[in-house]
Amino acid sequence: MMTSEQRRTLARLTDILAKPRKLGEIDPDDYLALYVPGGAGPMFDLFDHPQVNRIAAMMYEDDKPVAADCHGPAAFAAVRLSSGELMIKDKHLTAKSNAEEGDWARENYPFMLEDKLKDASSQFSAAAPYDPWVVRDGNLLTGQNPASAGPLATTLLEMLARGESIQSPQPRR
């Protein structure tokens, strides 16, 4: 049974979700963090998307947490900072590994995510297939697969609760 506070929160969220905003209308200054979930969508829709690139770069450069899980890091693979450098260059991160991809992904995705991230000069790491694995490098936070979504969310919420963003790389299972 839901508490009255949970019902109010659900009602607020229902109203918000009923009126989605266009990405071009998003002001990163209005948000504390960016989270990109996994699934096939980021592989097709968010890689090198101009508005996603703008939002991610601005939030990253403002030292706000920028997080993604599973295939979500595809949204960060082409993000360029104001310096012109790729946001993920030399950054420790993870995402859905090649070892976890099945035939459907290999035949239908525009690229293999692990390969794309490595091609962008990131420092990719992965745990055994399907094991949870979260990597934090400063304010960049990534999870390997669906099993990593919970630990990633916990780490992100802990960061926000402490009001922190920058910290040395900390892989965690």
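Residues numbered from 1 in each chain as written. Predicted model: local features only at pLDDT ≥ 70, side-chain atom pairs only at ≥ 80, totals over all residues. Heavy atoms only, no water.

Draft legend 1. Local environment of the overall build of the protein chain. A count of helical and extended segments in the protein chain gives six helices and six strands. The order of helices and strands in the protein chain, counted from the N terminus, is α-β-α-α-β-β-α-α-β-β-β-α. At 16 Å, the protein chain has a C-alpha radius of gyration in line with the 16 Å of a compact globule built from 173 residues. Sorting the 173 residues of the protein chain into buried and exposed places 42% on the buried side. The long-range share in the protein chain, meaning contacts at least 24 apart out of those at least 6 apart in sequence, stands at 67%. Across the protein chain, the 19 positively charged side chains and the 25 negatively charged ones have centroids separated by 5 Å. (Helix = DSSP H or I, 4+ residues; strand = E, 2+ residues; numbered from the N terminus. Rg over C-alpha atoms; globule rule 2.2 N^0.38 Å. Buried < 20%, exposed > 50% of the residue type's maximum accessible area, 1.4 Å probe, protein only. Contact = heavy atoms within 4.5 Å. Lys, Arg positive; Asp, Glu negative; His and termini not counted. Charge placed at Lys NZ, Arg CZ, Asp CG, Glu CD.)

Draft legend 2. Quick peek at a negative patch on the surface. On the surface, Asp27, Asp29, Asp30, Glu61, Asp62 and Asp63 cluster together into a patch of negative charge. Overall, the relative accessible area of 52% leaves aspartate 29 in the exposed class. (Patch = residues over 30% accessible without salt bridge, like charges linked within 9 Å, V, L, I, M, F, W, Y side chains within 5 Å. Areas by Shrake-Rupley, 256 points an atom, 1.4 Å probe, with all protein chains shown as cover. Salt bridge = Lys/Arg side-chain N within 4 Å of Asp/Glu carboxyl O.)

Draft legend 3. Molecular detail of the sheet that holds strand 1 (residues 34-36). Read from one edge to the other, the open sheet built from four strands follows the order 1-2-6-5, with strand pairing classed as mixed. Every other strand in the sheet has two partners, leaving strand 1 and strand 5 (134-137) as the edge strands with one partner each. Pairs of neighbouring strands in the sheet enclose a mean axial angle of 10°, with direction left out of account. Its contacts with the sheet place helix 6 (residues 149-162) against strand 1, strand 2 (66-69), strand 5 and strand 6 (140-143), and it is angled at close to 160° to strand 6. (Pairing = 2+ DSSP bridges. Axes fitted to C-alpha atoms, helices over the stretch in contact; angles between N-to-C directions.)

Draft legend 4. Layout of the layout of surface pockets. Computed from the structure, the largest pocket encloses a volume of approximately 430 Å³. For the largest pocket, the lining is made up of 18 residues, of which Leu23, Ile26, Tyr31, Leu34 and Ile55 are closest to its centre. Breaking the lining of the largest pocket down by element, the ones donating at least two residues are helix 1 (4-18), strand 1 and helix 3 (50-61). The class makeup of the residues in the lining of the largest pocket is 15 nonpolar, no polar and three charged. (1 Å grid on protein atoms, 1.4 Å probe; cavity = no way out; pocket = protein on both sides within 12 Å on 5 of 7 lines; lining within 4 Å. Points joined across faces, edges and corners; volume = space filled by probe spheres on them. Nonpolar A, V, L, I, M, F, W, Y, C, P; charged D, E, K, R; others polar.)

Draft legend 5. How the structure looks around the nonpolar core. In this structure, Leu34, Phe76, Met87, Ile88 and Leu117 are the most contacted members of the largest nonpolar core, which totals 31 residues. Looking at this core, the elements with two or more residues in it are strand 1, helix 3, strand 2 and helix 5 (113-119). Per element, the largest residue contribution to this core is six residues, and it comes from helix 3. Ignoring any residue separated from it by four or fewer positions in sequence, one finds phenylalanine 76 in contact with Leu34, Val36, Ala56, Val66, Ala67, Ala68, Met87, Ile88 and Leu140. Formed by six residues, the second largest nonpolar core is a distinct cluster that contains Ala67, Leu152, Leu156 and Met159. (Core = buried A, V, L, I, M, F, W, Y, C linked by side-chain atoms within 4.5 Å.)

Draft legend 6. Broad picture of the packing of aromatic side chains. If you walk through the whole model with that rule in mind, you get three aromatic pairs. Each ring, one from tryptophan 104 and one from tyrosine 109, has its centre 5.4 Å from the other, and the planes form 90°; the classification is edge-to-face. Using a relative accessible area of 52% as the deciding quantity, one classes tryptophan 104 as exposed. With a relative accessible area of 12%, tyrosine 109 lands in the buried category. Ring pairing ties together the aromatic residues Phe44, Trp104 and Tyr109, which thus form one cluster. Lying across the ring of phenylalanine 111, lysine 116 places its NZ or CZ 4.9 Å from the centre. (Phe/Tyr/Trp six-rings, centres within 6.5 Å; stacked < 30°, edge-to-face > 60°. Lys NZ or Arg CZ within 6 Å of the ring centre and 35° of its normal.)

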